[in-house]
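The residues making up each chain are set out below.
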Amino acid sequence: MKIDTRHSGGVTILEPKGKITIGVGDVALRDAVGEALEAGSRNILVNLGGVTTIDSSGIGELVSAYTTVSNRGGKLKLYNLPDKVTDILQITQLISVFEVFEVEDEAVASFSA
Amino acid sequence: MKIDTRHSGGVTILEPKGKITIGVGDVALRDAVGEALEAGSRNILVNLGGVTTIDSSGIGELVSAYTTVSNRGGKLKLYNLPDKVTDILQITQLISVFEVFEVEDEAVASFSA
Amino acid sequence: MPVQSSQVRISIGSRFEHIDLIQIVVDDALARLGLDEDSRHWVGIAVREGVANAIKHGNRQDPDKEVEVELAIEDDHAVIRIEDSGEGFDPSQVEDPLAPENLLKPNGRGIFYMKSFMDDIQYSQRPGGGTVVTLRKRIGDKGSGRGPAPRRNQET
Amino acid sequence: MPVQSSQVRISIGSRFEHIDLIQIVVDDALARLGLDEDSRHWVGIAVREGVANAIKHGNRQDPDKEVEVELAIEDDHAVIRIEDSGEGFDPSQVEDPLAPENLLKPNGRGIFYMKSFMDDIQYSQRPGGGTVVTLRKRIGDKGSGRGPAPRRNQET
Ligand SMILES: Nc1ncnc2c1ncn2[C@@H]1O[C@H](COP(=O)(O)OP(=O)(O)O)[C@@H](O)[C@H]1O
Ligand SMILES: Nc1ncnc2c1ncn2[C@@H]1O[C@H](COP(=O)(O)OP(=O)(O)O)[C@@H](O)[C@H]1O
């Protein structure tokens, strides 16, 4: 699991790759979101396209990230979901909590809408 | 482990793919050589290019195949050895027992020399 | 499919980094039983949850305490038993992660994952103390599409 | 590299088809210890030989008898212990597969493989009866090229 961070149109884009799972991946996600907030970013977009496995701790971290960013007056949105991640967000009924986009342009544009 | 059999210039070419290991791959090799002999072939060439792992049983089967074919007045030769297979033939000092070729043409031609 | 007792057992010290290894073993064993890749993905995640709970809540991450995972075939099911030596708990007291007040909680979804992805899950007490969770998945069941069937058992 | 006692144990019924699974587990564990792919290949083959012997000669392929494999880190070595519940044997009586009269024999190369591919191999008796073979490979040793170092110990 590794997370790349880049910027596009005032939005911080986080790109986790691999497994967001207990003990390693979940902490990495928390750290990346924390750093983005520290750096002053309030518009955070997570590209889930590279995520192969997300366990319940990983989903928990995604929820935590969402609430942390919201509490700081920011927004955390998701895009490019693999089918298996969509399945899990559906089963856990979190799909309606998150704003989810298919492609990056659309997702980035949504922050300035 | 699977073995393809084909023919070229009076030579039967066996092409094992995967692991030649105890319990499965070793038996498959024995069967393929047996069938070639049954079908009257005495010039047998084994393309080891697709072999990923060969354990001591697999090496044993190669030796058995060699002696069985020799006892029937035929020849069993090898070609296209992956580095790891060469290493094992060297360590077991079997490299000098087998006739080994790099490419198919050369190996096939050697039977009519 | 022959009825076979315990085929494979793995014991690990209680470290999260061993979870990958368990998933790999389970995946390999289920592949050899002919379970398709998608189904294996979901079973693998369920097994991860069971092992994570055994490490975290059961053995409280004490690396000297072992989590034991047993793979067996019973009738036409793959059966995965995960055992820890913790204090146990009452599964009937576990909250519903879909309840509105729990939806945004950072945890509490592990058992729910297992229920969703397996055909059956049962909790029991280990004789010497500790928890056993038994996960069952029908083999020969090719699954009905890309996703898992969201299934919620009321038992356990 | 911390000194750690038993990290992972796997038990299998005595069937050759479980050997792949052991190799996968060992490979995964050694990868996490930073051992390069080539070295892992050779260790994997050595482990296959040890497990094959335990299944074949030790437990005589009785699927109800278990072969137990333990992975541990001791000092800066990966240590793999393979145990069966067979009748044991005297390793000093094993013939040299490189002797001219043995060169064309179909078997007798398993222990030789293990000696060639590991840094150390030791046989001992299992307390309750059976054989234990202990394989050691130095970790942090990046290997010296593509092939294994053909090494022949006189002990064991
Ligand atoms: N093996 C176990 N031993 C002890 N308690 C457990 C075990 N598994 C689960 N629990 C209890 O059940 C609760 C719910 O578990 P779970 O649904 O997996 O969510 P989470 O692990 O995120 O809390 C845990 O918080 C814990 O109190
Ligand atoms: N775990 C074991 N239990 C009993 N005997 C063994 C065991 N491992 C090896 N042996 C004995 O040592 C001999 C040599 O083993 P090995 O070098 O692996 O060659 P092979 O297995 O091809 O015979 C075997 O034939 C067997 O008699």
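J.: Mind laying out the overall build of chain A, listing which residues take part and the relevant values?
T.: Counting its secondary structure elements, chain A contains four helices and six strands. Scanning chain A from its N terminus toward the C terminus, one meets helices and strands in the order β-β-α-β-β-α-β-α-β-α. For 113 residues, the compact-globule formula gives about 13 Å, and the C-alpha radius of gyration of chain A, at 13 Å, lands near that figure. Principal axes of the C-alpha set define a box for chain A whose edges measure 30 × 25 × 25 Å. Relative to its full complement of 113 residues, chain A shows a buried share of 54%. Taking contacts inside chain A between residues at least 6 apart in sequence as the whole, the part at least 24 apart equals 69%. Element-wise, carbon and sulfur atoms account for 46% of the exposed surface of chain A, whose accessible area totals about 4800 Å².

J.: How would you explain the confidence of the model for chain A if you had to name every residue and give the values?
T.: A low pLDDT score tells you not to read the predicted coordinates there in detail. Per-residue confidence for chain A gives a mean pLDDT of 95; residues scoring 70 or more make up 100%. The spread of mean pLDDT over the elements of chain A runs between helix H1 (residues 25–38) of chain A, the lowest at 90, and strand E5 (residues 75–79) of chain A, the highest at 98.

J.: How would you explain the interface of chain C and chain A if you had to name every residue and give the values?
T.: Note on interface size: it is often stated as the accessible area lost on association of the parts. In this assembly, 27 residues from chain C lie in contact with 23 residues from chain A. Counting each side, the surface lost to burial between chain C and chain A is near 2200 Å², with a carbon and sulfur contribution of 66%. Taken together, the links from chain C to chain A amount to two salt bridges. Note that Lys19 of chain A is salt-bridged to Asp20 of chain C, the shortest N-O span being 3.2 Å. At the junction of chain C and chain A, the tally comes to six residue pairs in polar contact (both at pLDDT 80 or more). Listing elements by their share of the side of chain C that touches chain A, those giving two or more residues are helix H1 (19–32), helix H2 (37–58) and helix H3 (110–117) of chain C. It is H2 of chain C that contributes the most residues to the side of chain C that touches chain A, eight residues altogether. For the side of chain C that touches chain A, the residue count by class is 14 nonpolar, five polar and eight charged.

J.: An account of the arrangement of the chains is requested, with residue identities and associated values reported.
T.: Taking C-alpha atoms as the reference, chain A and chain B come no closer than 27 Å and do not contact one another. When C-alpha atoms are compared, chain B and chain C, though not in contact, are closest at a spacing of 14 Å.

J.: Please provide a residue-by-residue account of the pairing of strand E2 (residues 11–20) of chain A, values included.
T.: On a regular strand, each side chain points to the face opposite its neighbour's, so the side chains alternate between the two faces of the sheet. All names here are of chain A. By the criterion of burial, E2 is predominantly enclosed, with eight of the 10 residues buried. Both strand E1 (residues 2–8) and E2 contribute to a ladder of seven bridges, which runs antiparallel. What sits directly across from His7, in E2, is Thr12. Between the end of E1 and the start of E2, which pair antiparallel, lie two residues, with Gly9 showing a positive phi angle near 50°. Considered for its hand, the β-α-β crossover made up of E2, H1 and strand E3 (residues 43–47) is right-handed.

J.: Outline helix H4 (residues 104–111) of chain A, supporting the account with residue identities and numerical values.
T.: Considered for burial, the residues of H4 of chain A that qualify are Ala107, Val108, Ser110 and Phe111 of chain A. Down the axis of H4 of chain A, the buried set is contained in an arc of 155°. They therefore lie on one face.

J.: Report on the packing of H2 of chain C against H3 of chain C, specifying residues and quantitative values.
T.: All names here are of chain C. As a packed pair, H2 and H3 sit with axes 9 Å apart at the nearest point and diverge in direction by 150°. Judged on the interaxial angle alone, H3 and H2 are roughly antiparallel. Like other packed secondary-structure pairs, H2 and H3 cross with a definite hand, here left-handed. Between H2 and H3, the residues in contact are Trp42, Ile45, Ala46, Glu49, Gly50 and Asn53 and Gly110, Ile111, Tyr113, Met114 and Phe117, respectively. By residue class, the composition of the contact of H2 with H3 is seven nonpolar, three polar and one charged.

Rules used throughout
Chains are numbered independently. Their residues run from 1 in the order of the written sequence. Each chain is given a letter, starting from A, and each ligand a number, starting from 1, according to the order in which they appear as written. Restriction of local features to residues with pLDDT of at least 70 applies here, the model being predicted, together with a cutoff of 80 or more for giving and counting side-chain atom pairs; totals for whole chains, interfaces and linings are based on all residues. Excluded from the side-chain calculations are hydrogens and water; all other atoms, namely the structure's heavy atoms, are used. Secondary structure elements follow DSSP: runs of H or I of four or more residues count as helices, runs of E of two or more count as strands, with numbering from the N terminus. Atoms considered for the radius of gyration are the C-alpha atoms alone. The globule rule reads 2.2 Å times the number of residues to the power 0.38. A simple rule labels every residue: compare its accessible area, found with a 1.4 Å probe on the protein chains alone, to the largest value its type can have, and call it buried under 20%, exposed over 50%, or partly exposed in between. We call two residues contacting when some pair of their heavy atoms lies within 4.5 Å. Under the convention used here, a 1.4 Å probe and the Shrake-Rupley method define accessible areas, while residue burial counts only the protein chains that appear. pLDDT measures the predictor's confidence residue by residue and takes values from 0 up to 100. Put simply, buried area is the surface a 1.4 Å probe can reach on two separate parts but cannot reach once they are joined, added for both. We define a salt bridge as a contact between a side-chain nitrogen of Lys or Arg and a carboxyl oxygen of Asp or Glu at a distance within 4 Å. Whenever two N or O atoms come within 3.5 Å, that pair is a polar contact, provided that in protein one can donate a hydrogen and the other can accept it, and provided that, for residues adjacent in sequence, both atoms are side-chain atoms. Gly falls in the polar group here, along with every residue not listed as nonpolar (Ala, Val, Leu, Ile, Met, Phe, Trp, Tyr, Cys, Pro) or charged (Asp, Glu, Lys, Arg). Strand pairing follows a simple DSSP-based rule, namely that at least 2 bridges must link the two strands. Crossovers are marked right-handed if the path from the first strand over the helix to the second runs clockwise, as seen with the strands pointing away from the viewer. Arc definition: directions from the helix axis to the C-beta atoms. Throughout, an axis means a line fitted to C-alpha atoms (over the contacting stretch in the case of helices), and angles, computed between N-to-C directions, take values from 0 to 180 degrees. Oblique is the label for every angle not falling under 35 degrees (roughly parallel), over 145 degrees (roughly antiparallel), or within 65 to 115 degrees (roughly perpendicular). Left-handed describes a crossing in which the near helix is turned anticlockwise from the far one by less than a right angle; the clockwise case is right-handed.

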